[in-house]
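The primary structure of each chain is shown beneath.
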Amino acid sequence: MTTTTPSRGRRRAPSRMERAAGRAAALQKPRVILALLLLLALVSVMLLDGYLRSEIGNDSRVRDGAAYDKVPEKILDGGPILTFDNGTAKTQSVPAKTIVLTFDDGPTATWTPQVLEVLEDNDVEGTFFMVGSMVSRYPGIVKKLVEQGNEVGIHTFTHVDLSYQGAARLKRELNQTQLALAGAAGVTTTLFRAPYSSEIDAVDNYSWPVYKEIGGLGYTSVFVDTDSDDWKKPGVSKIVQWATPKKNKGAIVLMHDAGGDRSQTVEALDTYIKKMKAKGYTFTTVSGAQARLNRSGADGTRQAAAGGAAGADGRGARPGSAGAATIDTEQAAHRTATGATLYEGRALIWAVAVAEWVVPALSWFLVVVGVAVMGRFAMMLVLARRHHRQRNRGRGRGGRFSWGPPVTEPVSVIVPAYNEKECIANTLKSLARSTHPIEIIVVDDGSTDNTSEIAESLGMPNVRVVRQENAGKPAALNNGVRNARYDIVVMMDGDTVFEPDAVHQLVQPFADPEIGAVAGNAKVGNRTTVIGAWQHIEYVMGFNLDRRMYDLLRCMPTIPGAIGAFRRDAVLEVGGMSEDTLAEDTDITIAMHRAGWRVVYQEHARAWTEAPGSLRQLWSQRYRWSYGTMQALWKHRKSLTDRGPSGRFGRVGMPLVVLFQIVTPVFAPLIDVFTLYSMVFVDFRAALLAWLAVLAVQLVCAAYAFRLDREKYRYLAMLPLQQLAYRQMMYLVLIHSCVTALTGGRLRWQKLKRTGEVGTPAGVS
């Protein structure tokens, strides 16, 4: 036995198409990653915004009426300032005739500036216990507040009752608020006030461990002596009365600069300050009161520096030497933020600013998109009904609708084929049953699977096989046009099956000399699978309803490659099928409009095509379609400023295609993301009802489309699942295409794997 080893020879240099394919393949993965990163960034922004607004992680539980037998009696009977020195709890009271004004729950854009104005006018400083999420939203107000000489304290990040939370959540609430303060004003603080706290004798068995934990981290917990109860809005006089301490005692007074209408608080504050000053009271901050106690050696005074134990560094651990205390005694609790704390805080403020701008802007934009989508549905229904009545029941009083004298002349049918051995026989056999005289031109685009041999073996007298080297579908179609003997050419795909009267119905509109091209009614033949059923719904509802609408508006954007007819002279006039885009059908359709030809939709010309049978093939096909459509629109962008028929398409058709086939689908996933977000974090019932309402509208449109096309309604049972899964995939495909277009990528033709399962039309329905 002899074997021969072939010589290796020189390696063949890759062709231009192969090099382009290699570059495209190398670029796809980064583009997919970029698209996913953009989606991840959006979701992150939404989650951050929801967290800031207490829509995520919100715990509204508030403990009340718990036992307090485990709390030391000296603490319950002590003053409102609680500190821990080496684990030993101590309390302090404010000196006599001294007022510490404290404000909770801010800042807000409306009331905090007004409170600051009153304090400044009266030359008084206050202590503001701030919610971290509010600090991150209004950093400018916090910065002004600190620069004015006021003191800040922590009121947690999300205003949550810490007695229900674990140690990890507690430290996170503290750390995030410290970062917000660092980013907003460049400081951290050692002061803390728990949400829903009041006087110190309200400390119970559940909150006491929390205060010990916080004290161990170097924080000073601040309670109140007198509560103005301004949140009840009792009137200015009542607020002043309730905030006034008894018997010339000193007091930490509680007011609010957030949480609702605080106009009474602002008015009462000015009155209160003047009244208390007239009584001989002085005003200071928490740190200022501690400093006075330390200097006088009053009851409960610790010998440590004012402001508590050395100062918190904002990292949730025991404070070290991070940041020096300020010289101002009134702000002794402040520490200058440095290092990672400062930069992380600035990053937080920046991220919140982005979320504060992006989420509302997207919300309003999505309202516009939603209105546009609903408007599109309404317009499709109205125009589709008008189109159906016009083409099927007659027009005006002149009897039934007619394009003109019947078109009976023979036409040329061009079948571009590349490795279509599974389908070509069914395709040609369906054409053999045509009720219209035709010649069939099979253009074999360099097939390697005996496609042309199969076509010739059928022995059909009206079939010609034209062979060419592999050059792509546009070149194959142009070759077919050049070889066509008749004035009307029908173009189809090699995997498509025509109904017997499809060609005859398709060419009838050419009785009108203004018509240059006709779009047929493409049907999904392999609809028995889930993916096939989804595409069937899309073809009937989306493509065909759209074409009815565009037909009446005289701006049909695409003649489907599966079934379309053209005047041969018109095709040659616009330069034939262009290789400039991947959507040669959209490209030539727009070119026809710009050349002054009318393009119409013939619903009775039906063809059955084999849709992609796997998600990967579907992604590949729709990726090419959507990207090719963008290429075609960009190629013909000058029609926007043209006059005549070209300008009509540019100013009517192109905006509709951009809005409904690119912009709306690109942003439609955001509607689903917002809906899912609302279901999980906001109001599940309301969000679900809204989604079901939109689904109902789509179901009505789909049912009407099925009625017009005389399709079986049972496939509509797949519509909810299609909206949940299939539609999301189509949106991602479009986003992927947009990213490819924006990054300047190019794609090559992709051959889909065929099974040949679409046989005669009768066997499909």
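Small disclaimer: the values here were computed from a predicted structure and weren't measured. (Residues numbered from 1 in each chain as written. Predicted model: local features only at pLDDT ≥ 70, side-chain atom pairs only at ≥ 80, totals over all residues. Heavy atoms only, no water.)

**What about the packing of helix H5 (residues 139-147) against helix H6 (residues 167-185)?**
Here is the rule we go by: An axis is simply a line fitted to the C-alpha atoms; with a helix, the fit covers only the stretch in contact. Between two such axes, the angle follows the N-to-C directions and lies from 0 to 180 degrees. The helix count covers DSSP runs of H or I at least four residues long, the strand count covers runs of E at least two residues long, and both are numbered beginning at the N terminus. Roughly parallel means an angle under 35 degrees; roughly antiparallel means over 145; roughly perpendicular covers 65 to 115; every other angle is labelled oblique. Between two residues, a contact is recorded if the distance between any of their heavy atoms is within 4.5 Å.
Direction vectors running N to C along H5 and H6 enclose 75 degrees, while the axes themselves pass 8 Å from each other. As the angle between them shows, H5 and H6 are arranged roughly perpendicular. From H5, Pro139, Val142, Lys143 and Val146 reach across to H6, where they touch Leu181, Ala184 and Ala185.

**Here's the deal with the pairing of strand E15 (residues 463-468)**
Note the following rule: Paired strands, as defined in this entry, are two strands with at least two bridges between them according to DSSP. Looking down the strands as they point away from you, a crossover is right-handed if its path from the first strand over the helix to the second goes clockwise.
As judged from the 6 bridges shared by strand E14 (residues 438-445) and E15, these two strands associate in the parallel manner. Its bridge partner lying in E15, Ile441 is registered against Arg464. As a crossover connection, the stretch from E14 through helix H13 (residues 451-457) into E15 is right-handed.

**Remarks on the side chain of Thr226**
Rule in force here: Remark: exposure states derive from per-residue accessible area (1.4 Å probe, protein chains only) relative to the maximum for the residue type, with buried under 20%, exposed over 50%, and partly exposed in between.
With respect to the helices and strands, Thr226 occurs in strand E9 (residues 226-227). On the basis of relative accessibility, which here comes to 12%, the residue Thr226 falls in the buried class. Not counting residues up to four positions away in its chain, the partners in contact with Thr226 are Trp242, Ala243, Thr244, Pro245, Ala251, Ile252, Val253 and Leu254.

**Some remarks on a negative patch on the surface**
This is how it is decided: The patch calculation keeps residues exceeding 30% relative accessible area without a salt bridge and links them within 9 Å when they carry like charges or within 5 Å when they are nonpolar (Val, Leu, Ile, Met, Phe, Trp, Tyr). Every accessible area reported is derived by Shrake-Rupley at a probe size of 1.4 Å, with residue values counting cover from the shown protein chains alone. Each salt bridge in this description consists of a side-chain nitrogen of Lys or Arg and a carboxyl oxygen of Asp or Glu lying within 4 Å of one another. Within this scheme the basic residues Lys and Arg register as positive and the acidic residues Asp and Glu register as negative, but His and the chain ends are omitted. For charged residues, the charge sits on one atom: NZ in Lys, CZ in Arg, CG in Asp, CD in Glu.
On the surface, Glu73, Asp77, Glu199 and Asp201 cluster together into a negatively charged patch. Mapped onto the secondary structure, Glu73 falls in helix H2 (residues 73-76).

**Here's the deal with a nonpolar patch on the surface**
On the surface, Trp364, Val367 and Val371 cluster together to form a nonpolar patch covering roughly 360 Å² of accessible area. Along the chain, Val371 falls in helix H11 (residues 339-392). Assessed through its relative accessible area of 56%, Val371 is described here as exposed.

**Some thoughts on the confidence of the model for the chain**
For clarity, the cut-off: A residue's pLDDT is simply how confident the predictor is in it, with values from 0 to 100.
Taken as a whole, the chain shows an average pLDDT of 84; of its residues, 84% reach a score of 70 or greater. In the predicted structure, residues 1-12 sits below a pLDDT of 50 and forms 1 contact with residues beyond four places in sequence or in another chain. A low-confidence stretch, residues 15-27 stays under pLDDT 50, and its non-local contacts, those more than four residues away or across chains, total 5 contacts.

**Remarks on the packing of aromatic side chains**
Heads up, the condition is: In this scheme Phe, Tyr and Trp rings, the latter by its six-membered ring, pair at centre separations within 6.5 Å, and the angle between planes marks the pair as stacked below 30 degrees, edge-to-face above 60, and tilted otherwise. We call a charge positioned over a ring when the NZ of a Lys or the CZ of an Arg lies within 6 Å of the ring centre and within 35 degrees of the ring normal.
Under the definition given, this model contains 5 aromatic pairs. Both rings, one in Phe103 and one in Phe128, keep their centres 4.8 Å apart while their planes meet at 20 degrees; by these two values the pair is stacked. Linking Phe103 in strand E3 (residues 98-104) with Phe128 in strand E4 (residues 127-130), this pair joins segments that are 25 residues apart in sequence. The pair formed by Phe103 and Phe128 is uniform in burial state, with each residue classed as buried. Consider the rings of Phe401 and Trp403, whose centres lie 4.9 Å apart with planes at 80 degrees: the pair is edge-to-face. Across the pair, Trp403 and Phe401 agree in class, each one buried. One Lys or Arg, Arg63, reaches over the ring of Tyr206 and ends 3.8 Å from the middle of that ring. A cation over a ring is seen here: Arg637 above Trp634, with NZ or CZ 4.1 Å from the ring centre.

**So, the side chain of His256**
To be explicit about the condition: Counted as a polar contact is a pair of N or O atoms within 3.5 Å, where, for protein atoms, one must be capable of donating a hydrogen and the other of accepting one, and residues adjacent in sequence contribute only when both atoms are in side chains.
Along the polypeptide, His256 turns up in strand E10 (residues 251-256). Among the polar contacts listed, one links the side chain of His256 to the side chain of Asp230, at a separation of 2.8 Å.

**Quick look at the environment of Lys212**
Structurally, the position occupied by Lys212 is in helix H7 (residues 207-216). Classification of Lys212 by relative accessible area gives partly exposed; the value is 42%. As a C-alpha pair, Lys212 and Thr88 span 124 residues in sequence and 9.2 Å in three-dimensional space.

**A closer look at empty space enclosed by the protein**
In this approach the atoms are scanned with a rolling probe the size of a water molecule, which exposes any empty space left behind. We count it as follows: For each structure, a 1 Å grid was placed over the protein atoms alone; sets of points admitting a 1.4 Å probe that cannot get out are labelled cavities, open sets with protein on both sides within 12 Å along at least five of seven lines are labelled pockets, and lining residues have an atom within 4 Å of a point. Grid points are joined across faces, edges and corners, and a volume is the space filled by probe spheres set on the points.
Under the criterion given, the structure shown has 2 cavities of 30 Å³ or more. In this structure, the largest cavity is lined by Lys473, Leu477, Met491, Ile559, Pro560, Gly561, Gly564, Phe566, Met577, Glu584, Asp585 and Ile588. Mapped onto the lining of the largest cavity, the elements with two or more residues apiece are helix H14 (473-483), strand E19 (563-567) and helix H18 (584-594). The element that contributes the greatest number of residues to the lining of the largest cavity is H18, accounting for 3 residues.

**Considerations on helix H3 (residues 111-121)**
Quick note on the threshold: Directions drawn from the helix axis to the C-beta atoms are what define this arc.
For H3, the complete set of buried residues consists of Trp111, Thr112, Val115, Leu116, Val118 and Leu119. Projected down its long axis, H3 carries its buried residues within an arc of 160 degrees, all on one side. Exposed residues lying more than 90 degrees from the buried face of H3 are Glu120 and Asp121. In this fold, the buried residues of H3 make contact with E3, E4, H5 and helix H9 (263-278). Among the residues trailing H3, Asp123 stands out with phi positive, at a value near 55 degrees.

**Some words on the sheet that holds E15**
Taken together, the 8 strands give an open sheet; going across it, the order is E15-E14-E13-E16-E19-E18-E20-E17, and neighbouring strands pair in mixed fashion. Unpaired on one side and paired on the other, E15 and strand E17 (497-498) mark the two borders of the sheet. Bridging between strand E18 (residues 515-524) and E19 involves 3 bridges; their strand directions are antiparallel. For Val518, the partnering residue across the bridge sits in E19 and is Ala565. Here H18 sits on the sheet and contacts E18, E19 and strand E20 (598-609); the angle it forms with E20, its principal contact strand, is near 155 degrees.

**Looking at the pairing of E20**
The buried fraction of E20 amounts to 10 of the 12 residues, a majority that puts the element mostly inside the structure. Where E17 meets E20, 2 bridges bridge the pair, whose relative direction is antiparallel. Its bridge partner being in E20, Phe498 is matched across the sheet by Ala607. Sheet analysis places E18 next to E20, joined by 8 bridges and oriented parallel. Counterpart to Ile515 in the pairing with E20 is Arg598.

**Here we look at the pattern of salt bridges**
One pass over the full model with this rule turns up 21 salt bridges. Taking the shortest distance from any N to any O, the salt bridge between Arg548 and Glu603 comes out at 3.0 Å. Pair noted here: Arg548 is in helix H16 (residues 530-553) and Glu603 is in strand E20, with a separation of 55 residues, a long-range link. The pair Arg548 / Glu603 is uniform in exposure class, with both members buried. Across the salt bridge formed by Asp587 and Lys635, the nearest N and O atoms sit 3.0 Å from each other.

**Quick word on the environment of Val45**
Residue placement: Val45 occurs in helix H1 (residues 16-52). Expressed as a C-alpha distance, the spacing of Val45 and Val358, which sit 313 residues apart in the sequence, is 7.9 Å. Setting aside residues up to four positions removed in sequence, Val45 forms contacts with Val354, Ala355, Val358 and Val359.

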